[in-house]
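The residues making up each chain are set out below.
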Amino acid sequence: DEGFCSASSMLDQTDSSSKPLYWKVTSPTLSPSHLQDLPGFTRSVYKRDHALITPESHVFSPLPDWTNTLGAYLITPAIGSHFVMYLAKMQENSRSGLPPNDVERLIFVTQGAVTLTNASGISSKLVVDSYAYLPPNFDHSLKCDGSATLVVFERRYAFLDNHITEHIVGSTDKQPLLETPGEVFELRKLLPASMPYDFNIHIMDFQPGEFLNVKEVHYNQHGLLLLEGQGIYRLGDSWYPVQAGDVIWMAPFVPQWYAALGKTRSRYLLYKDVNRNPL
Ligand SMILES: NC(=O)N[C@H](N)C(=O)O
Ligand SMILES: [Mn+2]
């Protein structure tokens, strides 16, 4: 081979058809082990109105109130958000703790499986791509016999007179495709769009070459996990190459835009606060 650059190794992509769903989230191409020979290098960025938090920057420690579980808080109010977003790595014989009073929780499984049990003893098994919404002050526990990775969102619930949220268990593939007037991406929502819910989780799919038509600037805040694919995320005046496993914080009003590149579908999971008067 008279190769003159390293492009051939970039083309030598692993066949992902035989891999489990979302496998790149926990095994990203530029994982910490790939970067160990480049001391000090990270793609992570922290700015006033956005942050990109890539896997080599994730710092895990025991999660308070959980047993045998390591957590990495990726977005917290210290960054300016009104929610937390964290990864929970549940190990053998692990168990979750409860959120504080009046705090709602959504968990989404990206690897392994967990069993969710409520106060009446009713259990459901959650595998990759399934999720559960736990209303504020809803007694529950998650157990794991093997290993599982969850992405968790929590926020203090913004109560509204005469409205309550329901406990929900579901999976992305069971959610209907929704209309996206003026846009090309495919959209599913994990929670009902009705008034009781003060946030939603959007699952957005882009084919390679597709991009957001709207160069969005809006009052809502976002926490994003790229589940599949690669692309360019514009945040303010910065343009970031991103790939599965990357997490993004977007503060209110940060200009935001995404273009999907690479050879496979991009799919991301996006927290968005909704249904409440910003005043
Ligand atoms: N950055 C985004 O993808 N934003 C979404 N389209 C949204 O705000 O709904
Ligand atoms: Mn947006």
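See the structure printed just above.
Below is a summary of the structure that appears in this document. Here the structure is a predicted model, which means the values were calculated and not measured.

1. Structural notes on the pairing of strand E20 (residues 266-273)
Line of reasoning, step 1. Across the 8 residues that make up E20, a large majority, 7, are buried.
Line of reasoning, step 2. In this sheet, E20 lies alongside strand E14 (residues 199-206) in antiparallel orientation, the contact comprising 8 bridges. Considered in E20, the bridge of Phe-206 is made with Ser-266.
Line of reasoning, step 3. Where strand E15 (residues 222-228) meets E20, 6 bridges bridge the pair, whose relative direction is antiparallel.

2. Section: the side chain of Gln-221
Line of reasoning, step 1. Of note, Gln-221 is situated in the loop between E14 and E15.
Line of reasoning, step 2. A polar atom in the side chain of Gln-221 sits 2.9 Å from the backbone nitrogen of His-82.
Line of reasoning, step 3. Excluding residues within four positions of it along the chain, Gln-221 makes contact with Gly-80, Ser-81, His-82, Phe-83, Trp-249, Met-250, Pro-252, Tyr-271, Lys-272 and Asp-273.

3. Considering the coordination of the manganese ion (ligand 2)
Line of reasoning, step 1. Taken together, the protein donors to the manganese ion (ligand 2) comprise Glu-216 (OE), His-218 (NE2), His-222 (NE2) and Gln-256 (OE1), at separations of 2.1 to 2.3 Å.
Line of reasoning, step 2. Taken together, the 6 donor atoms surrounding the manganese ion (ligand 2) define angles of 77 to 175° at the centre, an arrangement classified as octahedral.
Line of reasoning, step 3. Taken in chain order, the donor set of the manganese ion (ligand 2) reads E-x1-H-x3-H-x33-Q. On the criterion of sequence distance, the pair formed by His-222 in strand E15 and Gln-256 in strand E19 (residues 256-261) is long-range, its members being 34 residues apart.

4. Things to note about the site of ligand 1
Line of reasoning, step 1. Inspection of the region around ligand 1 gives His-202, Met-204, Leu-212, Glu-216, His-218, His-222, Tyr-233, Gln-256, Tyr-268, Leu-270 and Lys-272 as its neighbouring residues.
Line of reasoning, step 2. His-222 is positioned such that a nitrogen or oxygen atom in its side chain is 3.1 Å from an oxygen atom of ligand 1.
Line of reasoning, step 3. With respect to ligand 1, the side chain of Gln-256 contributes an N or O atom lying 2.7 Å from a nitrogen atom.
Line of reasoning, step 4. For the shell around ligand 1, the secondary-structure elements that each account for two or more residues are E14 and E20.
Line of reasoning, step 5. In terms of residue count, the dominant contributor to the shell around ligand 1 is E20 (3 residues).

5. Considerations on the sheet that holds strand E17 (residues 238-243)
Line of reasoning, step 1. The sheet built from 3 strands is open, its strands ordered E17-E16-E19 with antiparallel pairing. Here the strands that pair on one side only, and so sit at the sheet edges, are E17 and E19. Along the sheet, successive strands turn relative to each other by an average axial angle of 20°, direction set aside.
Line of reasoning, step 2. Strand direction decides the pairing type here: strand E16 (residues 230-235) and E19, joined by 6 bridges, are antiparallel. What sits directly across from Leu-235, in E19, is Gln-256.

6. Topic: the pairing of strand E5 (residues 83-95)
Line of reasoning, step 1. Direction of pairing for strand E4 (residues 67-75) relative to E5: antiparallel, over a ladder of 7 bridges. Along E5, the bridge assignment pairs Ile-75 with Met-85.
Line of reasoning, step 2. As paired strands, E5 and strand E10 (residues 140-144) are joined by 2 bridges and run antiparallel to one another. Note on E10: the bridge partner recorded for Arg-95 is Lys-143.

7. Points about the nonpolar core
Line of reasoning, step 1. Counting 31 residues, the largest nonpolar core has Leu-106, Phe-108, Phe-153 and Leu-269 as the members making the most contacts within it.
Line of reasoning, step 2. By size, the runner-up hydrophobic cluster in this structure holds 21 residues, among which are Leu-187, Ile-248, Ala-259 and Leu-270.

What counts, and at which threshold
Residues numbered from 1 in each chain as written. Chains lettered and ligands numbered in written order. Predicted model: local features only at pLDDT ≥ 70, side-chain atom pairs only at ≥ 80, totals over all residues. Heavy atoms only, no water. Buried < 20%, exposed > 50% of the residue type's maximum accessible area, 1.4 Å probe, protein only. Helix = DSSP H or I, 4+ residues; strand = E, 2+ residues; numbered from the N terminus. Pairing = 2+ DSSP bridges. Polar contact = N/O pair within 3.5 Å; in protein donor to acceptor, adjacent residues only side chain to side chain. Contact = heavy atoms within 4.5 Å. Donors = N, O, S within 2.8 Å, 3.2 Å for Na, K, Ca; no water. Tetrahedral: all angles 85-135°; square planar, octahedral: opposite > 155°, others 65-115°. Near = heavy atom within 4 Å. Axes fitted to C-alpha atoms, helices over the stretch in contact; angles between N-to-C directions. Core = buried A, V, L, I, M, F, W, Y, C linked by side-chain atoms within 4.5 Å.

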